[in-house]
Amino acid sequence: AAGVIQSPRHLIKEKRETATLKCYPIPRHDTVYWYQQGPGQDPQFLISFYEKMQSDKGSIPDRFSAQQFSDYHSELNMSSLELGDSALYFCASSLSPYSYEQYFGPGTRLTVT
Amino acid sequence: EDQVTQSPEALRLQEGESSSLNCSYTVSGLRGLFWYRQDPGKGPEFLFTLYSAGEEKEKERLKATLTKKESFLHITAPKPEDSATYLCAVQAGSQGNLIFGKGTKLSVKP
């Protein structure tokens, strides 16, 4: 079965640089969520999209932005990177925003040096 | 504020030694409770969704139950390959995002 695809899988950036993470949801899934997971932490919700519109917003820094495109893939843009942004970034997709299972991708490991 | 608390933080079992993981929650308007398994450096793997008190779901050696205040993940006769962190999450109110607990790290020794 098709799964959520994330790219790149690993990314190394320097402080103050920018990064773009991509997420391709499971076919027919129109809802995408972004989560950040620091070392030894639980996943924290950043932002979500439903039918190409932002639906919910969590603890996403103003330096980050995201969007969902017409083919339902999503991109998370991160600017002015800080050391504290080093984390695993997961994308999850679901059939609907409400009361449906969210399936997670393999994640992008971002390291900021 | 919506809150999810998992216990214990870590659990060591011998192969075949059954046990339970606990997830207690305080949320406004629970829409669903989810269990995930996560291996180090990998994405959470979906296990179960429970929607209402009294509901139970099973998959191989795992069984999840739900009451109005908590959920249990029962592991029967675990094997070393069941070693992972088990995450509990809730979906509540008008938002679709998941609120996670800190997880229980399970180690099963042969």
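Above: the structure in question.
Residues numbered from 1 in each chain as written. Chains lettered and ligands numbered in written order. Predicted model: local features only at pLDDT ≥ 70, side-chain atom pairs only at ≥ 80, totals over all residues. Heavy atoms only, no water.

Asker: What am I meant to see in the overall build of chain A here?
Answerer: A tally of regular secondary structure across chain A gives 0 helices and 11 strands. From first element to last, N terminus to C terminus, chain A shows the α and β order β-β-β-β-β-β-β-β-β-β-β. For chain A, the spread of C-alpha atoms along the principal axes amounts to about 35 × 25 × 25 Å. Per-residue burial over chain A gives 48% buried out of 113 residues. In chain A, the share of contacts with a sequence separation of at least 24, taken over all contacts with a separation of at least 6, comes to 53%. For chain A, the accessible surface area stands at approximately 5,500 Å², while carbon and sulfur atoms represent 49% of it. Taking the 10 positively charged and 12 negatively charged side chains of chain A as two groups, their mean positions are separated by 6 Å. (Helix = DSSP H or I, 4+ residues; strand = E, 2+ residues; numbered from the N terminus. Buried < 20%, exposed > 50% of the residue type's maximum accessible area, 1.4 Å probe, protein only. Contact = heavy atoms within 4.5 Å. Areas by Shrake-Rupley, 256 points an atom, 1.4 Å probe, with all protein chains shown as cover. Lys, Arg positive; Asp, Glu negative; His and termini not counted. Charge placed at Lys NZ, Arg CZ, Asp CG, Glu CD.)

Asker: In this structure, what is going on with the interface of chain A and chain B? I would like to understand it.
Answerer: Accessible area lost when the parts come together is the quantity often used to give the size of an interface. Contacts between the two partners involve 22 residues from chain A and, on the opposite side, 21 residues from chain B. With both chains or domains summed, chain A and chain B bury close to 1,700 Å², and 50% of this area falls on carbon and sulfur atoms. Remark: the boundary between chain A and chain B carries 1 salt bridge. Ionic pairing is found between Asp42(A) and Lys102(B), a salt bridge with its closest N-O pair at 3.1 Å. At the boundary of chain A and chain B, one finds 9 residue pairs in polar contact (both at pLDDT 80 or more). (Buried area = accessible area lost by both parts, 1.4 Å probe. Salt bridge = Lys/Arg side-chain N within 4 Å of Asp/Glu carboxyl O. Polar contact = N/O pair within 3.5 Å; in protein donor to acceptor, adjacent residues only side chain to side chain.)

Asker: What is the right way to read unusual backbone geometry from this model?
Answerer: Negative phi is the rule for most residues except glycine; trans is the rule for most peptide bonds. Residue Pro8(A) is reached from Ser7(A) by a cis peptide bond, and omega for that bond is -10°. By the element assignment, Pro8(A) lies in the loop between β1 (5–7) and β2 (10–13). Of the consecutive residues Ser7(B) and Pro8(B), the connecting peptide bond is found in the cis state with omega at -10°. Along the chain, Pro8(B) falls in the loop between β1 (3–7) and β2 (10–14). Positioned with a positive phi, Glu51(A) is a non-glycine residue whose angle comes to about 50°. Relative to the assigned elements, Glu51(A) resides in the loop between β5 (44–50) and β6 (53–57).

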